[in-house]
Structure formats: structure tokens, C-alpha cells
Protein chains: 4
Amino acid sequence: MSSSVVPVAVVGAAGRMGATTCAAVEEADGLELVARIDAGDDVGAAVRDSGALVAVDFTVPAVTEANVHAILDAGAHAVVGTTGWDEASRSRVVEHLDRLNAGREDGLGVLIAPNFGLSAVLAMTFAAKAARYFESAEVVELHHPNKVDAPSGTARHTAAAIAAARADAGLAPSPDATESGWEARGADVDGVRVHAVRLRGLVAHEEILFGNVGEQLTIRQDSFDRASFMPGVLLAVREVVGRPGLTVGLEHVLDLT
Amino acid sequence: MSSSVVPVAVVGAAGRMGATTCAAVEEADGLELVARIDAGDDVGAAVRDSGALVAVDFTVPAVTEANVHAILDAGAHAVVGTTGWDEASRSRVVEHLDRLNAGREDGLGVLIAPNFGLSAVLAMTFAAKAARYFESAEVVELHHPNKVDAPSGTARHTAAAIAAARADAGLAPSPDATESGWEARGADVDGVRVHAVRLRGLVAHEEILFGNVGEQLTIRQDSFDRASFMPGVLLAVREVVGRPGLTVGLEHVLDLT
Amino acid sequence: MSSSVVPVAVVGAAGRMGATTCAAVEEADGLELVARIDAGDDVGAAVRDSGALVAVDFTVPAVTEANVHAILDAGAHAVVGTTGWDEASRSRVVEHLDRLNAGREDGLGVLIAPNFGLSAVLAMTFAAKAARYFESAEVVELHHPNKVDAPSGTARHTAAAIAAARADAGLAPSPDATESGWEARGADVDGVRVHAVRLRGLVAHEEILFGNVGEQLTIRQDSFDRASFMPGVLLAVREVVGRPGLTVGLEHVLDLT
Amino acid sequence: MSSSVVPVAVVGAAGRMGATTCAAVEEADGLELVARIDAGDDVGAAVRDSGALVAVDFTVPAVTEANVHAILDAGAHAVVGTTGWDEASRSRVVEHLDRLNAGREDGLGVLIAPNFGLSAVLAMTFAAKAARYFESAEVVELHHPNKVDAPSGTARHTAAAIAAARADAGLAPSPDATESGWEARGADVDGVRVHAVRLRGLVAHEEILFGNVGEQLTIRQDSFDRASFMPGVLLAVREVVGRPGLTVGLEHVLDLT
């Protein structure tokens, strides 16, 4: 193995996202798939034996935290796409990283991303940056009709980021003279209205609308296929190596300067 | 006055829509503005004295029905853009027309249109026609934030027409697995979800979304200015002359064959 | 076989569209797949032996006309999705049908459809109907970047239909003050500007834009997957039986009244 | 005048943009309109006599450079919305500023902005940032049909910024298999395709499309009215005071971190 190739292990390799990740790593320049790890395997031993520099976890909420600690103890960086991380579980990873990285310049990193879709992450990031410059802001998310929750986590997250940016800038609430028919006005997420459309044929889409007198800015992202997450996963694998400590959100490894 | 020019009176000529109509009639080929009638005027006498063949009513719900009866008694056709017409008031106009038109081949006509926007009327009409061919349908309306009711009358009307077409075709309800977060799923109009967005800078807009496996049809209309209603008003003025009896809805005078 | 079930043969059953059609027929209520016919088979004999009432042809331009004549001689109706039909080949089918159907009330039918996507056909049909009511009209089609021709056949067809409707209504050309930069103004199809966007991640999409003073109407259709053509193919199979003679275009079997 | 209120002069006060600016300054918190200056006036003397801290220039290309030098000599900062600045004219302003500001910590500033629309500037800025993350990128601009040039300056600028970002990131050209019909593929601006739509009823709009396998990001901005430029003009007036030297582009005074 040449020194410029990063050996990568995938935990949850038999799952849909895991399998797609294995395929993407195998095709990627500069990355080499060295282990496919699944339920029943000893994650720590498997990572260590494979010589992986980075391990990607696409498993389930019940095991992802334990996997990350095992990956770190095995000396590898971790990229995590599994959901279910709360404040407490993140704190325990930070403590573990602090312990391992103490006195090291080039310590281990963990990157947890709720969303690896570049278009979704960019849309959210741009929406947060634009928010302070518009009088009105609303979010419409559109998904396939098998989705059980509304609005989507991405839309909630986007609306919360918009609300926080508006608050920071001292903006008043978006103007709204509605007196009747509030049920048509969507969910209220920190004061930002979020609408959920469910339509056969769609996959996962988000549209963020900003308005001032005489102008509108619309940011829309469409995810048609889970293949669309792979550029983000590969970027995370490449970037986690030089980024010791915990990073939450793919937006922090994007170069948006 | 040449026989090919239609003399037109405008009732409510000092109001915003009335004034815009006066200007549009004055500029239109084949039409001549012969009377500007307002509150305080005797509508019947004014229409009769002007020699108007068609009178356009843009007044207020409280007086529009009386105006129409006066216009008919003065021997003119009526085009009505004022809202507030219910089943009973429409029936009284039908009776009046039946009485006046009995035994005449080329009787008087009344055209009541809740919306003179061609793009809005076409969008609604096409949506109703398309509805039977799609598994899913939802409506999003977007307006300026000073609007007090939600969803808009146009969106309600569109959703009801879609629902009726789906019922006629024996379609099942649009699929929807939502278990939580119903407040983000919009208002339920006869089983069709309707979402209302309020944004500074917008005027009046409607987007109708249809979905099947692997495909989507979207019909959108934007009204930026009340000037956009004038082509529809002029079309109604021209068409009402050859159309005895009551017609409700501009779509009935459009040639969509 | 019950009298209410239509036996269907698929010619070109091993191709992508043919195979998708076979699967769709097998799952459809009221239809039964009775033959999968491919290159090398005697189409006429295979259709006759199968007892098919309708045969669907998804083959190649070089053989589709011969296939249709063989299907008709075998006593079956034909639904054709293969491209490459010109005026002359259509005339020969009409002559054949006239000969076969002479003196019969319930003769054979052939339905040739360049596009079975309901959203695409509806978009085109609505665009043609709307065209006479707007001062400006343009078409934007968006496809995957592997497409070799521009603009798409669907977009050309749509623009030509818009142009014809405008001409019928006596409309002047869409206003356009462009003095420099014509290369950005798209292709001219009978006076209607057509723009072609090529973007990784897209499949086949079309957006038709109409504008008047103060208003806009937009009709957009998205095809994400060839599965989206199946509702149109099944509709054609069901409708061709009661429709003797040649029909070109799925729009003629849609109920748009 | 309280020390916290900024006195503002408007040069070209009788023009459309100038008059709108005067009205906006008069209504703005913290700003005071102290001079309306027009053709025939001595700009330098008028600015000096008014005590303006900032002068806004909305004039014509032939006089804007001379106006800026006069404003600087009168001791005021300048905000410039007039077009027609080339490399040489900008250099002369830089030299003038260097001379005036030498040895001063809090020197004079000039802000030249080709576009004061926040939505337009944000769309361009976000597009440039997103560009490196997508395989495909195209630009569609849509304007009223009285526009004489195509594509718009904003669209050219956006495409050039996308092209530069793609080059920096080492991206290959956007994939494009087009073999015929290039006239539908838009103008080529540094390798990025730009399409220009002209439609009655529109004002000024831009849509930037990015695509990867399985995903799309769309950034769209709509300018309906020149009132939409005022938030950007007022922001420029407030920000130029603390920003010595020449700044080109409103994006540099936006807080997008």
C-alpha cells in the first residue's frame, strides 16, 4: 500500500448505506477498502487487524456509540452517518478524544454527519448565512409518501438555523397577518414556518424561501438517490484525518470561504 | 359609434379594479368606455343613458347583486368581478335572466368570475383535468404577508376541483404514511393537502403538484400585478354578449378544446 | 381466460422498455401477458398463436413498421412506442387499416405514441391549449448530460404545438428586443425559443413558460424513471381496442374534457 | 444632527434609482438625506456644503468617475451604483484614495457595486462557493423582453465566478455529450453554459443549477422591483464608512461567515 492511499474500513457493510459506501470507496482514487465489518464482528479487533486509518460507521443508533469508542481504541479516525447521537453521547466521545489526543499534535478525529448530501448541507449552510438579510423566511420540504414523520429532520434543522441567525441579527418575526386558516400555515419551528409535501415519485427535497420588498431568494436541493451521499462520505473520509477532535456536521469540512 | 364597437360601462369606476378596467377598456380595440359609475349613482339609469351593451361590476359584496339586477333591467349584459355571491343570489339572477330572455334567441348574459387572471384560471382548469391521472396531488399557495385568510380562495377552489376529479375517476386518497407532525402537512380540503406560504415581496401565486411513480407534473401561476386581470376582463366583456344566461367562472369562455 | 381480460403480447420483450412493459402488464388488473416476442421470432405467427388482442411494440426503427403490419394481419391491435415513424410509414398503416376495417364497425386500431409519460403528454397538451392566451412563450428542457441531441424531441414537439396555436389565434411573435448575444437565446422552433440544459443527476424534464403583463404560467414535468411510462402504456393498451384506425399521440386517448 | 446619524447626499437624485434612494434614505433609521444633487450642480461643492459623510452616485457612465473624485475631494465616502467602470478608472480611484488616506487610520472609502440586490448578490456568492462540489453547472437568466443584451451581466458574472471556482478546484468541464443542436445549449461563458429567457411579465431573475449523480442544488433569485435594491444601498452606505480604500462588489460588506 502506497503511503498516499488511505485504508478504509466500513462498519455496517451489509446495510444499504454501508454497501453503497464500500462500492464508493473501492472506486475512489486514493482510498482502499480494507475491511467490511458487520453485526457479530468485534469492531475494534477488525479495525485494528485491517490496518484501517479511517472507519466509516453506518449501523444503528443502539450500537454506533460503542463502535466509535472501539474504532478510536483501535487507533483509527471515525466517520459516522448513523443517527441517534445526543448531547451526552457526543460528550463521551469528546472526553475519549481528549484523552487519546493529549500531547499529540496530529490526533484522532471523529466526524458525525446527520446528512452527507452535499446539496442538502450546502442548502442549509447558505440558508443560515442568507437569513439575516431577509424580512421573511419559510421552508418547504417534499418527500415520498412513505415518510412517517413531518417535517423532516433536515427541514427542522434548517429552520432552526434560520431562526438562530435571525435572532442574532435582531430581526423581528417574519410578517404574517393570518387570522384564519392556521392549519395551512405549516409547523412553527422557532418561529419559522415549515411545510411538508408528500408526493408519490419524489425522494427527498427541500426548498427554502426568503423574501424582501421586491425580491426573493430561493435555495432548493433535490436528493434523488442514496448514491448522492457518496461524494460527501468520501470527502469526510479524506478530511477527518487532518482534523483532530469531534466535528459535527459535514459543513465544517466544506471549503466555503 | 360603429356597429362593431361594444359600448362598455364600469360600475365601481373609482375603485382600484374599476379604474384599471376603465383604462383597459379605453385602450382595447373594439371596446368603448361610455360610463364611469360609482357609489351614489343610479346604476340602472346610468347604464341605460350611456347606451352600454355590457356593464362591468367591480364594487362590494353588499351592492353587487342589486347592481346586476339594475344592469339587466337597463338592457345590458353584466360581467361581475365582485365577490360575495352565494347560491341564493345566483339563483335570483338566473330567474331574472329566464324572465328577460324568455322567447328571445339572443338574450342577456351575466358572467360572474371569482378570478379574472388567465394564468390562475388556466392553472385551475388544467389541474382539474390532470387530477385523475396521478396518484398524489397537493397544492401550495404563496402570497404577500398581509393576507388575512389561509389558504387562499383560489387554492381551496383548485383543491376542491382536484378532489372532485379524483372521486369521479374512482381514485384512492393520495398515499400518506405521516404518523407525527400533521401540523406541517397543511390544510385538508376534501382530502387534498393545501399549504399556504406568506412571504414579503410576493403577490399571489399557486403551485399544484402531481406525482406518480417516477414522474411529476407541476402547474404554477404567478400574479404580480392587478394589470394581469385585464386580459381576462376584456375577454369576458367580449364573450358575455353571445352567451345568454348565467355563466360562473372565466374558464367557460376560454377556448380549451 | 375470462372475457374481461385483455391478452397482450409484447414485441421487443427483452429490451429495457419491453421488459418493463411485460412486468407492468403482468401486474395490471384486466390484462394478461400471453407472449414475449423478440428479434428472430416470426412476429405475426407469435401474435396469432398467443391469441393476443393487443400487441405492444418496443423494438427499433428498422423493424417497427413491418411488425405493425404483421400484428394487424394476425388480427391484433397495436400499441407502438418505437420511434422512427414518418409520414410515408404512417400512410401505409392507414391504408392497411382501411383495407382490414372496411365494412366492420369494430375494426382494428394502431396507436403510435412518441411519449408514454403522462406528465409529459399532459404538459404538452396543456401548453398547446394555453398558448393562445399569452404574449410570450418559451420552452426549457433539462436532461442528463449523455443525451446527444438538443433540444429534445419532446421540447421540439411542444414548441411546434405552441407556435401552431399562436398562429391559429393570430398572435404576433413573442416580444424580444435582443440585439446582441443571440447564442444565449436558445434554438428557434417555429418562432418559439427552446433552451436545453444538460446536468448530471437529471433524467428528462421540461418547463414551459408563458407570460403576460403581470402574470406568468409555468407547466413543468419531470420524468425520473422509465417506470413512469407504464401508466401511459397500460392506458394505451386498454384504449386502442375501442379505437379503430390510426391514432398518433397518447393525448388522444386521455379524457381531458 | 446627532453624532449617530449619518448625513447622506445623493448624486443623480432626479433619476429613477436616485429618487428611490432619496426616499429610502429619508425613511431609514440612522441616516439623514442632506443633499439632492443633479446634472448641472457642482458635485464637489454640493457635497461639501451639505456636510454629507457619504455620497451615493446613481448617474451615468460618462460622469460617474469625475463625481467620485469630486466626492472624495469633498471629504466624503462614496457608494456607486453607476455602471461603466473599467480597470483603468478603478485604478485612478485607488491612487486617489491612497493619496488621501496616507497616514490616516480611518480613511475614506469607495464602494462600487454592479448590483445592489441582496438576493442577486447572495445567489452569485453562494453559487461561487458551491461550484467546486458539483460535476455540472449551468445558469439560466430570465428577463423582461425589452432587454437588448443577452445573457445579462449578472449571469455572465455568475458563470465566470463558477468557472473560476471549478478551475481552482481542478474540476473537469461539465459533462456534455451534445452532438447536434448546439444552438439550444446557450452561450459559453468560460465553459459554463448560460441561457437567456425573455418573457413578458418578468423583471430580472436568475437560476443557477448544479448537479451530481443523484442530487441537484438550485439557487434562484427574483428581482421584481427596483425597491429591492434599497436594502443593499443602505447597507453599503452604513458599511463604507468603516472600510477605507476601494471595495468592488456588495458581497464584500455582507457578513457571510
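Here is a short report on the structure shown in this document. (Residues numbered from 1 in each chain as written. Chains lettered and ligands numbered in written order. Predicted model: local features only at pLDDT ≥ 70, side-chain atom pairs only at ≥ 80, totals over all residues. Heavy atoms only, no water.)

What about the relation of the copies chain C and chain D?
Between the two copies, chain C and chain D, the superposition gives an RMSD of 0.1 Å; the rotation angle is 180° and the shift along the axis is 0.0 Å. Those values place the two copies in the arrangement expected of a two-fold rotation axis. Comparing interface residues between copies, 100% of those in chain C also lie at the interface in chain D; the contact surface is shared. (Least-squares fit on C-alpha atoms with pLDDT ≥ 70 in both. Contact = heavy atoms within 4.5 Å.)

Digging into helix H2 (residues 43-50) of chain B
In an α-helix there are 3.6 residues to a turn, and that puts residues three or four apart on one side. All names here are of chain B. Among the residues of H2, those classed as buried are Val 43, Gly 44 and Val 47. Axial view of H2: buried residues confined to an arc of 100°, hence all on one face. Where H2 starts, the residue carrying a side-chain oxygen 3.1 Å from the main-chain nitrogen of Gly 44 turns out to be Asp 42. One or two residues past the end of H2 sits Gly 51, with phi positive at roughly 75°. (Buried < 20%, exposed > 50% of the residue type's maximum accessible area, 1.4 Å probe, protein only. Helix = DSSP H or I, 4+ residues; strand = E, 2+ residues; numbered from the N terminus. Arc of directions from axis to C-beta. Polar contact = N/O pair within 3.5 Å; in protein donor to acceptor, adjacent residues only side chain to side chain.)

Examining the interface of chain C and chain D
Of the residues lining the interface, 42 residues belong to chain C; the matching set on chain D comes to 42 residues. Buried surface at the junction of chain C and chain D, summed over both partners, amounts to about 3,100 Å²; 57% is from carbon and sulfur atoms. Of all residues in chain C, Val 148, Leu 199 and Arg 200 of chain C give up the largest surface area on contact with chain D, accounting jointly for 20% of the area buried on that side. When the shortest N-O distance is used, the salt bridge between Arg 200 of chain C and Glu 135 of chain D registers 3.0 Å. Counting residues per element, the ones that place at least two in the side of chain C that touches chain D are strand E6 (136-143), strand E8 (192-198), strand E9 (204-212) and strand E10 (215-223) of chain C. Among the residues making up the side of chain C that touches chain D, the classes are represented as 19 nonpolar, 12 polar and 11 charged. (Buried area = accessible area lost by both parts, 1.4 Å probe. Salt bridge = Lys/Arg side-chain N within 4 Å of Asp/Glu carboxyl O. Nonpolar A, V, L, I, M, F, W, Y, C, P; charged D, E, K, R; others polar.)

With respect to the packing of aromatic side chains
To describe a pair of aromatic rings, one takes the distance between the centres and the angle between the planes. Inspection of the entire model under this criterion finds 12 aromatic pairs over all chains. A centroid spacing of 5.5 Å and a plane angle of 40° characterise the contact between Phe 224 of chain A and Phe 224 of chain C, whose relative ring orientation is tilted. Linking Phe 224 of chain A in the loop between strand E10 (215-223) and helix H7 (230-240) with Phe 224 of chain C in the loop between E10 and helix H7 (230-240), this pair reaches from one chain into another. Residues Phe 224 of chain A and Phe 224 of chain C agree in their burial class; the two are buried. Arranged with centres 5.8 Å apart and planes meeting at 70°, the rings of Phe 58 of chain C and Phe 116 of chain C form a pair that is edge-to-face. (Phe/Tyr/Trp six-rings, centres within 6.5 Å; stacked < 30°, edge-to-face > 60°.)

Side note on the pattern of salt bridges
Residues and elements named next belong to chain A. Counted under the stated rule, the structure contains 52 salt bridges over all chains. Between Asp 188 and Arg 193 there is a salt bridge, with the nearest N and O atoms lying 3.7 Å from each other. The exposure class assigned to Asp 188 is partly exposed, which follows from its relative accessible area of 48%. With relative accessibility at 15%, the residue Arg 193 sits in the buried group. Among the charged side chains, a salt-bridge network with shared partners connects Glu 138, Asp 176 and Arg 185.

Read these as layout, nothing more, since geometry by itself doesn't imply function.
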